[in-house]
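Structural description and commentary
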Amino acid sequence: MTQKTVSDAIQYRRAVRTFDPCKPIDTTIVRTCIEQATLAPSSSNMQLWAFYHIVNQEVKAKIVSYCFDQSAAKTANEMVVVVVRKDLWRKRIQSNLNYLKKVYGDKPLSEQSGREKFAKAYYSKLMPFTYFDFLGIFGWIKYLLFFIIGLFRPVYREVRHKDMRVVAHKSAGLAAQTFMLGMAAYGYDTCPMEGSDTLRIKRLLKLPYGAEINMVIGCGIRKPEGVYGERFRIPFDEVYKKW
Ligand SMILES: Cc1cc2nc3c(=O)[nH]c(=O)nc-3n(C[C@H](O)[C@H](O)[C@H](O)COP(=O)(O)O)c2cc1C
């Protein structure tokens, strides 16, 4: 199957609201695009995401109703639910540390290069400090601490519970877009949806309390009328600021 170039895929991708029921999609290609989505960059390479590929028609029907019966959900052949797993931060830190151990070995501190020391300290000290919180209280303490230090030098400020949620959703959003562009490259269509009952979807997918729904993506092949008109964008000069 020939694939579009990145520029062509960007141009081709539209939020498709009606998919063609007569044009099936290949589940393995959707899976490949999800695999490509995991190559998206993520904050500190924490990869605090999970992708639920919905192919079961019964499960899909439930998600359709949780997406308020939107056409983009109702007519989709398959769906992908992008989930933020900020709650897995300890596990992801450990995976990064295991990876570093594999790359650098398990040398004593005195034999470690500067880069190795930095990378290991980053995941064993800085990341736990950044992600740890207790009822949001520690986040505020960190925030105030950095605010005071920030009076004298540039500091990282996204340390409160709400900031960390944004951090995790940002990376999941990049993965979602990577997925949609990957699909477009195959001539497959998608529609990102945040209009959904996220609590019901969480329960259906048996997700733990700490997981959050980033978006639901309907997948299929467009009907011409499934694209609602010409693309509308704010004039580029209004959003492009060259300094
Ligand atoms: C985070 C996000 C949530 C969205 N939620 C919905 C949605 O619930 N229903 C829908 O029909 N479109 C949804 N959209 C699609 C946007 O409306 C669409 O991307 C926008 O109108 C631009 O059109 P285009 O993607 O075809 O260029 C969403 C898009 C994003 C990025």
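Definitions and limits used
- Residues numbered from 1 in each chain as written.
- Predicted model: local features only at pLDDT ≥ 70, side-chain atom pairs only at ≥ 80, totals over all residues.
- Heavy atoms only, no water.
- Domains from an automatic or database assignment.
- Contact = heavy atoms within 4.5 Å.
- Buried area = accessible area lost by both parts, 1.4 Å probe.
- Salt bridge = Lys/Arg side-chain N within 4 Å of Asp/Glu carboxyl O.
- Buried < 20%, exposed > 50% of the residue type's maximum accessible area, 1.4 Å probe, protein only.
- Helix = DSSP H or I, 4+ residues; strand = E, 2+ residues; numbered from the N terminus.
- Pairing = 2+ DSSP bridges.
- Disulfide = S-S within 2.5 Å.
- Near = heavy atom within 4 Å.
- Polar contact = N/O pair within 3.5 Å; in protein donor to acceptor, adjacent residues only side chain to side chain.
- Areas by Shrake-Rupley, 256 points an atom, 1.4 Å probe, with all protein chains shown as cover.
- Nonpolar A, V, L, I, M, F, W, Y, C, P; charged D, E, K, R; others polar.
- Core = buried A, V, L, I, M, F, W, Y, C linked by side-chain atoms within 4.5 Å.
- Phe/Tyr/Trp six-rings, centres within 6.5 Å; stacked < 30°, edge-to-face > 60°.
- Lys NZ or Arg CZ within 6 Å of the ring centre and 35° of its normal.
- Axes fitted to C-alpha atoms, helices over the stretch in contact; angles between N-to-C directions.
- Parallel < 35°, antiparallel > 145°, perpendicular 65-115°, else oblique.

1. Focus on the domain arrangement of the protein chain
Per the domain assignment, the segments making up the protein chain are domain 1 (6-85 + 168-228) and domain 2 (89-162). Computed from C-alpha atoms alone, the centre-to-centre distance between domain 1 and domain 2 is 31 Å. Each partner contributes residues to the interface: domain 1 has 7 residues there, and domain 2 has 8 residues. Taken together, both faces of the contact between domain 1 and domain 2 bury some 650 Å²; the carbon and sulfur share is 48%. It is Ser44, Met46 and Leu48 in domain 1 that bury the most area against domain 2; as a group they hold 70% of the surface buried on that side. If you look at where domain 1 meets domain 2, you find 0 salt bridges.

2. Quick notes on the pairing of strand 3 (residues 189-193)
Among the 5 residues that make up strand 3, 4 are buried, leaving the element largely enclosed by the rest of the structure. Looking at chain direction, strand 3 and strand 4 (residues 212-220) are connected through 5 bridges and run antiparallel. By the bridge assignment, Asp189 is partnered in strand 4 with Gly220.

3. What about the state of the cysteines?
For the structure shown, the criterion picks out 0 disulfides. No disulfide involves Cys67; its sulfur sits 9.5 Å from the nearest other cysteine sulfur, which is in Cys191.

4. What to know about the site of the ligand
Near the ligand you find Arg13, Arg14, Ala15, Arg17, Gln70, Cys191, Pro192, Met193, Glu194, Gly195, Arg231 and Arg233, and these make up its full shell. One nitrogen or oxygen atom from the main chain of Ala15 is found 2.8 Å from an oxygen atom belonging to the ligand. Take Arg17: an N or O atom from its side chain is 2.9 Å from an oxygen atom of the ligand. A total of 620 Å² of accessible area belongs to the ligand in isolation, and the protein chains cover 66% of it. Residue classes in the shell around the ligand are distributed as 4 nonpolar, 2 polar and 6 charged.

5. Description of the environment of Phe132
Structurally, Phe132 can be placed in the loop between helix 6 (114-131) and helix 7 (137-149). The contacts of Phe132, once residues within four sequence positions are left out, are Trp89, Arg90, Phe138 and Lys142.

6. Describing the nonpolar core
Val30, Phe51, Val80, Val82, Phe179, Tyr188 and Ile217 are the most contacted members of the largest nonpolar core, which has 25 residues in total. When contributions to this core are tallied by element, the ones reaching two or more residues are helix 2 (27-37), strand 1 (49-54), strand 2 (78-84), helix 8 (161-185) and strand 4. In terms of residues, this core owes the most to one element, helix 8, which gives 7 residues. Look past the residues within four positions of Phe179 in its chain and what remains in contact with it is Val30, Cys33, Ile34, Ala37, Val80, Thr190, Ile217 and Cys219. Core analysis: the second largest hydrophobic core is formed by 23 residues, Val64, Cys67, Ala72 and Met79 among them.

7. Focus on the side chain of Thr190
Along the chain, Thr190 turns up in strand 3. Since its relative accessible area comes to 1%, Thr190 is described here as buried. Residues contacting Thr190, with those up to four places away along its chain left out, are Arg13, Arg14, Ala15, Val16, Phe19, Phe179, Met180, Met183, Ile217, Gly218 and Cys219.

8. Quick look at the packing of aromatic side chains
By the definition in use, this model includes 9 aromatic pairs. Ring geometry for Phe118 and Tyr122: centres 5.9 Å apart, planes at 35 degrees, overall tilted. Here Tyr122 and Phe118 lie together in helix 6, a separation of 4 residues that amounts to about one turn. Judged by relative accessible area, which is 22%, Tyr122 ranks as partly exposed. Consider the rings of Phe129 and Phe146, whose centres lie 6.2 Å apart with planes at 75 degrees: the pair is edge-to-face. With Phe129 in helix 6 and Phe146 in helix 7, the pair connects residues that are 17 residues apart, well separated along the chain. Since its relative accessible area comes to 30%, Phe129 is described here as partly exposed. Through successive ring pairs, a cluster of aromatic residues spans Phe129, Phe132, Phe138 and Phe146. Seen from the ring of Tyr143, Arg160 lies directly overhead, with NZ or CZ sitting 3.8 Å from the centre.

9. Comments concerning the packing of helix 5 (residues 89-104) against helix 6
Helix 6 packs onto helix 5 with a crossing angle of 175 degrees between their chain directions and a minimal axis gap of 10 Å. Of the possible angle classes, the one that applies to helix 5 and helix 6 is roughly antiparallel. Of the residues in helix 6, those in contact with Trp89, Ile93, Asn96, Leu97, Leu100 and Tyr104 of helix 5 are Arg115, Glu116, Ala119, Lys120, Tyr123, Ser124, Met127, Pro128 and Tyr131. The class makeup of the residues in the contact of helix 5 with helix 6 is 10 nonpolar, 2 polar and 3 charged.

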